[in-house]
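# Report on the structure
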Amino acid sequence: MLDKLKLSVGNLVILAAGVVMVLSSLLPFLKAAPVHGGPVSSTVWSNGFLGIATLPVLLGAVMAGQVGLAAFATRVKVPEHVLGLAWDQIHLTLAAQAVLLMLSWLAVDRAEFNQGRQLGFWVMLLAAIGLMAGAVLRVREPQPVS
Amino acid sequence: MAIGAVMLFASFLQFAGGASTWSGAWFPLATLLPLYGTAMGVKIALARFAGISLPDEVAGFAPEQLELAVACMAAVMGLAWVATDVGDRQIGLWIEAAGGIALAGAALSLRRERRRARVFG
């Protein structure tokens, strides 16, 4: 099955985690309690979050996009190295950054966020861990013989 | 090294909302950026002044690749902070963002120099 899909286990995990990351970005991320009015749920695309909270989603999308292009769009030539970094290294870098950012969101202690972290946040955290697992698996997998 | 020192110093200045990157409101989300800069500065200072350098390979990265990867992530985070509506962006945020972008520029320039040195012996 995986052979048919031309995907290794590591790449499959990256693709799945990347898709989950993008979809979960549309779910409520944090419930904030503004000074006036009731608590408001925000996604990572909401004002005040768009940017630093959206970054893990963009990193996951780049990772899944590269894997998807390499596996399914055989006519598209993806360069083997970018700025001297191989794709295995780029995946590790992006995944580590995504995990660090999500763990930082977990640790941050702001009064406005006292209403709690929402489903989207927890799914994004799990997806970031999934991206990291996929990147590590990808590095450990034997390289295909060309 | 200079960029790392500036980023560490700026991390104690006001970042946004009258708080520094070390205050509960921003730590550790905004502190990652100065930490990346400081780590790169310390690495270069150790190599330059104490002759201590990283092993030839760390997690599959050569030292110069690691520098470039960290610097590029710092630049991406810097741009993300500029794009984020945090209310009043203060001096610390602007210095951190500029520092992140400057780190990437410095790492790319170092890479070019090393490649040139390799080619011309």
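Residues numbered from 1 in each chain as written. Chains lettered and ligands numbered in written order. Predicted model: local features only at pLDDT ≥ 70, side-chain atom pairs only at ≥ 80, totals over all residues. Heavy atoms only, no water.

What follows deals with the overall build of chain B. Counting its regular elements, chain B contains four helices and zero strands. When its helices and strands are written in sequence order, chain B yields α-α-α-α. In chain B, once contacts between residues fewer than 6 apart in sequence are set aside, the share between residues at least 24 apart is 67%. Total accessible area on chain B is roughly 6,000 Å²; 67% of this is exposed by carbon and sulfur atoms. Each charge class in chain B was averaged separately, 9 positive and 8 negative side chains, and the resulting centres sit 10 Å apart. (Helix = DSSP H or I, 4+ residues; strand = E, 2+ residues; numbered from the N terminus. Contact = heavy atoms within 4.5 Å. Areas by Shrake-Rupley, 256 points an atom, 1.4 Å probe, with all protein chains shown as cover. Lys, Arg positive; Asp, Glu negative; His and termini not counted. Charge placed at Lys NZ, Arg CZ, Asp CG, Glu CD.)

Taken together, the contact pairs 22 residues of chain A with 25 residues of chain B. Here chain A packs against chain B, burying approximately 2,100 Å² in sum over the two surfaces, 68% of which is carbon and sulfur. If you sort the residues of chain A by the area they bury against chain B, Ile 52, Leu 83 and Gln 97 of chain A come out on top, with a joint share of 26%. Where chain A meets chain B, there are zero salt bridges. Linking chain A with chain B are seven residue pairs in polar contact (both at pLDDT 80 or more). In terms of residues, the side of chain A that touches chain B owes the most to one element, helix H4 (residues 87–107) of chain A, which gives 10 residues. Across the side of chain A that touches chain B, the residue classes break down as 12 nonpolar, eight polar and two charged. (Buried area = accessible area lost by both parts, 1.4 Å probe. Salt bridge = Lys/Arg side-chain N within 4 Å of Asp/Glu carboxyl O. Polar contact = N/O pair within 3.5 Å; in protein donor to acceptor, adjacent residues only side chain to side chain. Nonpolar A, V, L, I, M, F, W, Y, C, P; charged D, E, K, R; others polar.)

A few words on helix H5 (residues 119–140) of chain A. Given a rise of 1.5 Å per residue, 22 residues ought to cover 32 Å, and the 32 Å separating the end C-alpha atoms of H5 of chain A matches this to within 8%. Turning to H5 of chain A, its buried residues are Gly 120, Phe 121, Met 124, Leu 125, Ala 127, Ala 128, Gly 130, Leu 131, Gly 134, Ala 135 and Arg 138 of chain A. (Expected span 1.5 Å × (residues − 1). Buried < 20%, exposed > 50% of the residue type's maximum accessible area, 1.4 Å probe, protein only.)

Attention now moves to unusual backbone geometry. Pro 28 of chain B follows Phe 27 of chain B through a cis peptide bond whose omega is 0°. Checked against the element boundaries, Pro 28 of chain B lands in the loop between helix H1 (2–10) and helix H2 (32–50). Residue Leu 83 of chain A is not a glycine yet carries a positive backbone phi of 55°. Position of Leu 83 of chain A relative to the elements: it lies in the loop between strand E3 (81–82) and strand E4 (85–86).

The biggest cluster of nonpolar side chains holds 64 residues, and the ones touching the most others in it are Phe 29, Ile 52, Trp 105 and Leu 131 of chain A together with Trp 26, Met 77 and Trp 81 of chain B. Elements that contribute at least two residues to this core include exactly helix H2 (9–24), helix H3 (55–72), H4 and H5 of chain A together with H2, helix H3 (63–83) and helix H4 (91–119) of chain B. A total of 10 residues in this core trace back to one element, the largest contributor, which is H4 of chain A. In this view, Leu 131 of chain A contacts Ile 14, Ala 17, Gly 18, Met 21, Gly 60, Met 63, Ala 95 and Ala 98 of chain A; residues no more than four positions away in its chain are not counted. (Core = buried A, V, L, I, M, F, W, Y, C linked by side-chain atoms within 4.5 Å.)

All names here are of chain B. Confidence in the prediction for chain B averages 92 pLDDT; 99% of positions are at 70 or higher. By mean pLDDT, the top-scoring element of chain B is H3 (95), and the lowest-scoring one is H4 (92). Here the complex is predicted with pTM 0.92, and the ipTM for its interfaces comes to 0.92. (pLDDT = per-residue confidence, 0-100.)

Mapped onto the fold, Leu 126 of chain A is located in helix H5. Residues Leu 126 of chain A and Leu 23 of chain A, 103 residues apart in the sequence, show an inter-C-alpha distance of 13 Å.

Below, the discussion takes up the side chain of Asn 11 of chain A. Residue and element names in this part refer to chain A. With respect to the element layout, Asn 11 can be found in helix H2. On the basis of relative accessibility, which here comes to 15%, the residue Asn 11 falls in the buried class. Leave out the neighbours within four places in its chain, and Asn 11 touches Val 67 and Arg 138.

Right, let's talk about the packing of H3 of chain A against H4 of chain A for a bit. Residue and element names in this part refer to chain A. Where H3 meets H4, the closest approach of the two axes is 9 Å, and the angle between their N-to-C directions is 155°. It follows from the interaxial angle that H3 and H4 lie roughly antiparallel. Viewed along their axes, H3 and H4 form a crossing whose handedness is left-handed. In contact with Leu 55, Pro 56, Leu 59, Val 62, Met 63, Gln 66 and Val 67 of H3, H4 contributes Trp 87, His 91, Leu 94, Ala 95, Gln 97, Ala 98, Leu 101 and Met 102. For the contact of H3 with H4, the residue count by class is 12 nonpolar, three polar and no charged. (Axes fitted to C-alpha atoms, helices over the stretch in contact; angles between N-to-C directions. Parallel < 35°, antiparallel > 145°, perpendicular 65-115°, else oblique. Left-handed = near helix turned anticlockwise from the far one by under 90°.)

Attention now moves to the pattern of salt bridges. Between side chains of opposite charge, a pair can form when the charged atoms approach closely. Residues and elements named next belong to chain B. On inspection of all chains with the given rule, the structure shows four salt bridges over all chains. Here Glu 67 and Arg 114 are joined by a salt bridge, their closest N and O atoms 3.4 Å apart. Of this pair, Glu 67 sits in helix H3 while Arg 114 sits in helix H4, and the two are 47 residues apart along the sequence. On the basis of relative accessible area, Glu 67 is assigned to the buried category, the value being 5%. Because the salt bridges share partners, they merge into one network encompassing Lys 43, Glu 67 and Arg 114.

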